[in-house]
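Fold and geometry: a report
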Amino acid sequence: MAERHETLGVVGAGRFGTALANLVASTGRDVVLLTSNREVADEINTDRTNAGRLPGVRLAPSLRATVDPADLAASARFIVLAIASTEVRARVRELGDVLDGSHMVVHANGALATPGDDRVSRVVRDETPVKMVGVLAGPALPNDLVRRQYASMVVASRFDNVVAEGRRLLGVPPVLRVYGGRDLIGTEFAAALSGAHTVAVAMADALDVGPGPRAVMICRAVAEASRLGEAVGGEARTFAGLAGLGNLLVRTTPEAHARDYLLGLELGRRGVVPRAKHTEGVRAAAAAVRIADQFGVHVPLLRGVDAVVRGELTPAEAAQTIAESVAAEE
């Protein structure tokens, strides 16, 4: 068995979690993947596949799945959370019983935790003994990692050793290059708001706005994300980096098949989608509007998405409202 500090832990056997774990394991590094589904764990360990998430992909020999959080905690010091925002509190509380102050935890959620609109790093600090926390974000899609195409992400933390360990354990150059940063708050908000703005851009695509207005909309998205991010303690330049603009550019390409983009298209065409189909981006838009109201920040795009989701405006009415509410700094 590899040393604990040389092993990567991943929580969540979804598409991104499995793809990231498998990519790192392809280098020969031991990776432990925690899933709550015993059948999935057995399939990974026995058949070397996770057909429900990554069909046709043969998983690397050094990737091991477990359903036991204590096993994960004992096997790996550095852990990546790759779980949905709606599940994050329950899963983190579960980990709180087994993690200790020696662990480092970064999350790759790209959303704010629900309920509560909290940053996931704060949830980790509140619910576990772990203090060394961070975030992993950027335009690396599961398919990019599976196909071993060039991808980049950033790991951000106030702790230099979290950044250094994240780059050392997660970097698989030239397939995945991991950059470092210290703007934890900004990176978390940039990742979450890029999902919300993906919904807005997809709605505009459904309305066939054309490339010029589309480009303006992306620029305005970065501007309002920067305003809100600065208000909550982040750095404006973070929102023009990998976690912000990078994420937004890749998620708004139809080829990415991003759930936020597909939902935005449906919203733009039909004006309403069932609540059961709501995505991280929709939840992030609602959370961002609540936070913007607290800080008095102008966020017309996010407010437009939220209003359409609530049925208060049609997509065309939201587009008109956004067009008429240009802020001076945009």
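Since this is a predicted model, take the numbers as computed values, not measurements.

Let's shift gears to the overall build of the protein. Within the protein one finds 14 helices and eight strands. Overall size of the protein, expressed as C-alpha extent along the three principal axes, is 60 × 40 × 35 Å. Looking at the protein residue by residue over its 330 residues, the buried ones come to 58%. Long-range contacts, defined here as pairs at least 24 residues apart, represent 72% of the contacts in the protein between residues at least 6 apart. As displayed, the protein offers around 13800 Å² of accessible surface, 51% of which is attributable to carbon and sulfur atoms. Side chains of the protein give 37 positive and 38 negative charges; the mean places of these two sets differ by 2 Å.

Within helix α10 (residues 242-251), seven of the ten residues are buried, leaving the element largely enclosed by the surrounding structure. Residues of α10 that are buried: Ala243, Gly244, Gly246, Asn247, Leu248, Val250 and Arg251. Here the buried face of α10 lies against β6 (132-137), β7 (151-156), α8 (184-206), α9 (211-231) and α11 (259-270).

This paragraph deals with the sheet that holds strand β8 (residues 176-181). Pairing within the open sheet is mixed, and its eight strands lie in the order β3-β2-β1-β4-β5-β6-β7-β8. The open sheet has two free edges, formed respectively by β3 (63-66) and β8, since each of these has just one partner strand. Shown here is a sheet whose adjacent strand axes are inclined to one another by a mean of 25°, direction ignored. Strand direction decides the pairing type here: strand β5 (residues 104-107) and β6, joined by four bridges, are parallel. Paired with Met104 across the two strands is Met132, which belongs to β6.

In this section: unusual backbone geometry. For the peptide bond that leads from Pro173 to Pro174, omega is 5°, which places it in the cis range. As for its placement among the helices and strands, Pro174 is situated in the loop between α7 (160-170) and β8. Phi is positive for Arg48, which is not a glycine, with a value near 60°. Mapping Arg48 onto the fold places it in the loop between α2 (38-47) and β3. Positive phi values are uncommon outside glycine, yet Arg148 reaches one of about 60°. Counting through the fold element by element, Arg148 comes out in the loop between α6 (142-146) and β7.

This part covers the pattern of salt bridges. Across all of its chains, the model carries 18 salt bridges by this definition. With a closest N to O distance of 3.0 Å, Arg29 and Glu6 form a salt bridge. Here Glu6 lies in the segment before β1 (8-11) and Arg29 lies in the loop between α1 (15-25) and β2 (31-34), a separation of 23 residues in the sequence. Owing to a relative accessible area of 28%, Glu6 belongs among the partly exposed residues under this scheme. Arg283 serves as the salt-bridge partner of Glu280, at 3.4 Å between the closest nitrogen and oxygen.

We now examine the environment of Val201. In this fold, Val201 is placed in helix α8. When the C-alpha positions of Val201 and Gly268 are compared, they lie 9.6 Å apart, and in sequence the two are 67 residues distant.

Let us look at helix α14 (residues 315-323). Those residues of α14 not exposed but buried are Pro315, Ala318 and Ile322. Buried residues in α14, looked at end-on, bunch into an arc of 60°, giving them a common side. Looking at the buried residues of α14, the elements they touch are α8, α9, α11 and α13 (300-310).

Moving on to the packing of α9 against α13. Taken N-terminus to C-terminus, the directions of α9 and α13 make an angle of 100°; their axes are 8 Å apart at the nearest point. The angle between α9 and α13 places the two elements in the roughly perpendicular class. The residues of α13 that touch α9, namely those facing Met217, Arg220, Ala221, Glu224, Arg227 and Leu228, are Pro300, Leu301 and Leu302. Across the contact of α9 with α13, the residue classes tally to six nonpolar, no polar and three charged.

Let's shift gears to the nonpolar core. Ranked by internal contacts, the top residues of the largest apolar core, which has 44 residues, are Phe189, Leu193, Val199, Leu228, Leu267, Leu302 and Val305. Breaking this core down by element, the ones donating at least two residues are α8, α9, α10, α11, α12 (280-295), α13 and α14. The greatest single-element share of this core, amounting to twelve residues, is contributed by α8. When residues no more than four places from it in sequence are discounted, the contact partners of Leu193 are Ala225, Leu228, Phe239, Ala288 and Leu302. If you look at the next biggest cluster of nonpolar residues, it comprises 42 residues, including Ala21, Leu23, Ala140 and Val175.

Calculation notes
Residues numbered from 1 in each chain as written. Predicted model: local features only at pLDDT ≥ 70, side-chain atom pairs only at ≥ 80, totals over all residues. Heavy atoms only, no water. Helix = DSSP H or I, 4+ residues; strand = E, 2+ residues; numbered from the N terminus. Buried < 20%, exposed > 50% of the residue type's maximum accessible area, 1.4 Å probe, protein only. Contact = heavy atoms within 4.5 Å. Areas by Shrake-Rupley, 256 points an atom, 1.4 Å probe, with all protein chains shown as cover. Lys, Arg positive; Asp, Glu negative; His and termini not counted. Charge placed at Lys NZ, Arg CZ, Asp CG, Glu CD. Pairing = 2+ DSSP bridges. Axes fitted to C-alpha atoms, helices over the stretch in contact; angles between N-to-C directions. Salt bridge = Lys/Arg side-chain N within 4 Å of Asp/Glu carboxyl O. Arc of directions from axis to C-beta. Parallel < 35°, antiparallel > 145°, perpendicular 65-115°, else oblique. Nonpolar A, V, L, I, M, F, W, Y, C, P; charged D, E, K, R; others polar. Core = buried A, V, L, I, M, F, W, Y, C linked by side-chain atoms within 4.5 Å.

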